[in-house]
Amino acid sequence: MATRLQIAKPDILRHFEDLPSKILKPTQLKRILAEQRGFWRLAQSTNTKAFTEFLVDAGKLQELHFPFPYRPETRYVWGRVPLLEIIGSLKEDGYFTHYTAMRLHGLTEQLPKTIYLNHEQRPHAQSGELAQRSIDIAFKAKPRISNNMIEFGDVRICLVNGMHTGALGVVEEEAVYDDNQSARVRVTNIERTLIDITVRPVYAGGVAEVLKAFLQARERASVNRVAAMLQKLNYLYPYHQAIGFYLQRAGYSAAAVDLMRQFPMEFDFYLTHQMGKTDYVPDWRLHIPQGF
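Residues numbered from 1 in each chain as written. Predicted model: local features only at pLDDT ≥ 70, side-chain atom pairs only at ≥ 80, totals over all residues. Heavy atoms only, no water.

**Quick look at the overall build of the protein chain**
Right, so step 1: The helix and strand inventory of the protein chain stands at 12 helices and 12 strands.
Right, so step 2: Reported as C-alpha extents along the three principal axes, the dimensions of the protein chain are approximately 85 × 35 × 30 Å.
Right, so step 3: Taking contacts inside the protein chain between residues at least 6 apart in sequence as the whole, the part at least 24 apart equals 65%.
Right, so step 4: Taken as a whole, the protein chain presents about 15,500 Å² of accessible surface, with 48% of it coming from carbon and sulfur.
Right, so step 5: Treating the 36 positive side-chain charges of the protein chain as one cloud and the 31 negative ones as another, the clouds have centres 4 Å apart. (Helix = DSSP H or I, 4+ residues; strand = E, 2+ residues; numbered from the N terminus. Contact = heavy atoms within 4.5 Å. Areas by Shrake-Rupley, 256 points an atom, 1.4 Å probe, with all protein chains shown as cover. Lys, Arg positive; Asp, Glu negative; His and termini not counted. Charge placed at Lys NZ, Arg CZ, Asp CG, Glu CD.)

**Let's talk about the packing of aromatic side chains**
Right, so step 1: Evaluation of the coordinates by the stated rule reveals 15 aromatic pairs.
Right, so step 2: On the basis of an interplanar angle of 40 degrees and a centroid distance of 6.3 Å, the ring pair of F245 and F292 is categorised as tilted. Separated by 47 residues along the polypeptide, F245 in helix α11 (residues 239-249) and F292 in the segment after β12 (286-289) bring together distant segments of the chain.
Right, so step 3: Looking at F245, the relative accessible area reads 4%, which means it is buried.
Right, so step 4: The exposure class assigned to F292 is partly exposed, which follows from its relative accessible area of 22%.
Right, so step 5: Clustering of aromatic rings is evident, with ring pairs tying together F139, Y235, Y237, Y239, F269 and Y270. (Phe/Tyr/Trp six-rings, centres within 6.5 Å; stacked < 30°, edge-to-face > 60°. Buried < 20%, exposed > 50% of the residue type's maximum accessible area, 1.4 Å probe, protein only.)

**Concerning helix α8 (residues 190-199)**
Right, so step 1: With 10 of 10 residues buried, α8 lies mostly within the body of the structure.
Right, so step 2: Those residues of α8 lying buried are I190, E191, R192, T193, L194, I195, D196, I197, T198 and V199.

Put into structure tokens, the structure is as follows:
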């Protein structure tokens, strides 16, 4: 004898085919069952677990687990959905950054194995005054990196808990990451990406990849927009000195480079952390890796 789930199967499958989003949280799957139970004439004993197992067996539902150390997540996916859209659903208001944004904007020829999804911290005031000794100590140490990452299939997913920016420079667009399937993603625009990878080159393949990104962006990026974003971001550290160096090394116009000179240069700064032997660029008061 056919079960009530089997009898209702055509209606159930049609319902999922018509969903506007094919990515569901566990709470959304539970809500669908509660709202449609009467229409589908399902027994009260049909719980979410049984409903899910039926959909996996009879339909196109995938159950995906993301065992992040700080907060594991589960997503249900109906049919074929781009991986980036699934990852983007893991954090409310999350957006792709750093090496992932570089790839999406065509600023690297590499296909990074780590996908970076940023979710911003709550607003809080920056504290502390800058001093040369504190800068020296900070940049001789290892860079702070997120430990909230997992291996997922052929990629690693890293959740970055970035500073609060109000999603400055974040855009929504269609993009292709690693195959021919286009995905609708939230991602930092080119100017914000150049800033982010300067701040955290460890999330961008290192300083050589960052320089290549500046080269690739030369005909597309607005340095005026970069300067305006830097003013809004109001970093404690003088990252404009590193950005000015990259702009100059990548052959941007003198007028574009001079926009970074409008910011104060009161301290010696570092292109990245733990460089070992360095060369010094007086023009930008900047230590860079020796021979870079």
